[in-house]
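For reference, the chains in residue letters:
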Amino acid sequence: VQLVESGGGLVQAGGSLRLSCAASGRTFTWYAMGWFRQAPGKEREFVAVINWTGGNTYYADSVKGRFTISRDNGKNTVYLQMNSLKPEDTAVYYCAAGNKFQTVPGRSNDEYNYWGQGTQVTVSS
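No experiment lies behind these values; they were computed from the predicted model shown.

A. Broad picture of the overall build of the protein. Looking only at helices and strands, the protein features 0 helices and 11 strands. Secondary structure of the protein in N-to-C order comes out as β-β-β-β-β-β-β-β-β-β-β. In terms of its C-alpha atoms, the protein occupies a principal-axis envelope of roughly 40 × 25 × 25 Å. Taking all 125 residues of the protein together, the buried fraction comes to 44%. For the protein, the share of sequence-separated contacts (at least 6 apart) that also reach a separation of at least 24 residues comes to 60%. Carbon together with sulfur atoms contributes 46% to the accessible area of the protein, which is approximately 6200 Å² in total.

B. Fine view of the state of the cysteines. Taken as a whole, this structure holds 1 disulfide when the rule is applied. Two residues, C21 and C95, share a disulfide whose sulfurs are 2.1 Å apart. Taking the sign of the S-S torsion, -75° for the link of C21 and C95, the bridge is left-handed. With C21 in strand β3 (residues 17-23) and C95 in strand β9 (residues 91-100), this pair connects stretches of sequence that are 74 residues apart. Given a relative accessible area of 0%, C21 falls into the buried group. Take C95: its relative accessible area is 0%, and that puts it in the buried class.

C. Seen up close, the sheet that holds β3. One open sheet holds the 4 strands; their spatial order is β1-β3-β8-β7, and the pairing between them is antiparallel. Whereas interior strands pair on both sides, the edge strands pair on one side only; in this sheet they are β1 (3-6) and β7 (67-72). Averaged over all neighbouring strand pairs, the angle between strand axes comes to 15°, with direction disregarded. In the sheet, β7 pairs with strand β8 (residues 77-82) via 6 bridges, with the strands oriented antiparallel. Across the sheet, the residue bridging to I69 is L80, located in β8.

D. Quick peek at the pairing of β8. Among the 6 residues of β8, 5 are classified as buried, and the element is accordingly described as predominantly covered. Pairing of β3 with β8 involves 6 bridges; the strand directions are antiparallel. Opposite L17, over in β8, you have M82 as the bridge partner. Linking β7 back to β8 in an antiparallel pair, the connection comprises 4 residues, with N76 at a positive phi of about 55°.

E. View of the side chain of N51. Relative to the assigned elements, N51 resides in the loop between β5 (45-50) and β6 (57-59). A polar contact of 3.1 Å, which involves the side chain of N51, links it to the backbone oxygen of T103.

F. Structural context of the pattern of salt bridges. Applying the stated criterion to the full structure yields 4 salt bridges. For R37, the salt bridge goes to E45, with nearest N and O atoms at 2.7 Å. What makes R37 buried here is its relative accessible area of 6%. Its salt-bridge partner being K64, residue D61 comes within 3.1 Å of it at the nearest N-O pair. Exposure remark for D61: the relative accessible area of 67% places this residue in the exposed category. The network of salt bridges with common partners includes R37, E45, R66 and D89.

Calculation notes
- Residues numbered from 1 in each chain as written.
- Predicted model: local features only at pLDDT ≥ 70, side-chain atom pairs only at ≥ 80, totals over all residues.
- Heavy atoms only, no water.
- Helix = DSSP H or I, 4+ residues; strand = E, 2+ residues; numbered from the N terminus.
- Buried < 20%, exposed > 50% of the residue type's maximum accessible area, 1.4 Å probe, protein only.
- Contact = heavy atoms within 4.5 Å.
- Areas by Shrake-Rupley, 256 points an atom, 1.4 Å probe, with all protein chains shown as cover.
- Disulfide = S-S within 2.5 Å.
- Pairing = 2+ DSSP bridges.
- Axes fitted to C-alpha atoms, helices over the stretch in contact; angles between N-to-C directions.
- Polar contact = N/O pair within 3.5 Å; in protein donor to acceptor, adjacent residues only side chain to side chain.
- Salt bridge = Lys/Arg side-chain N within 4 Å of Asp/Glu carboxyl O.

In structure tokens, the structure reads:
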């Protein structure tokens, strides 16, 4: 599975961005998908994950109520809608593909085997 993120950029606090992650391969629909982020000087952290059917989603407490993860299996794409952005959301955002056919998707970096190159999100105050 190859993953390519897009949609990052510079936005003012309170604004919105939508990240997209386009996946190659006919088996995209089998995988749990996740968004993770890494700020300068910090470890990569979980943001949001979605299971292979799209029926289960989980969010980090820091983004709950502001971010929404979704997937369109017909387009082999997963999205992250980010609203009410804060300066502390500034990071490189990575899309990742995890295990197949998981009802409950993992929330750890170690459970994700395929990663995109990342897209920068910068939120100014």
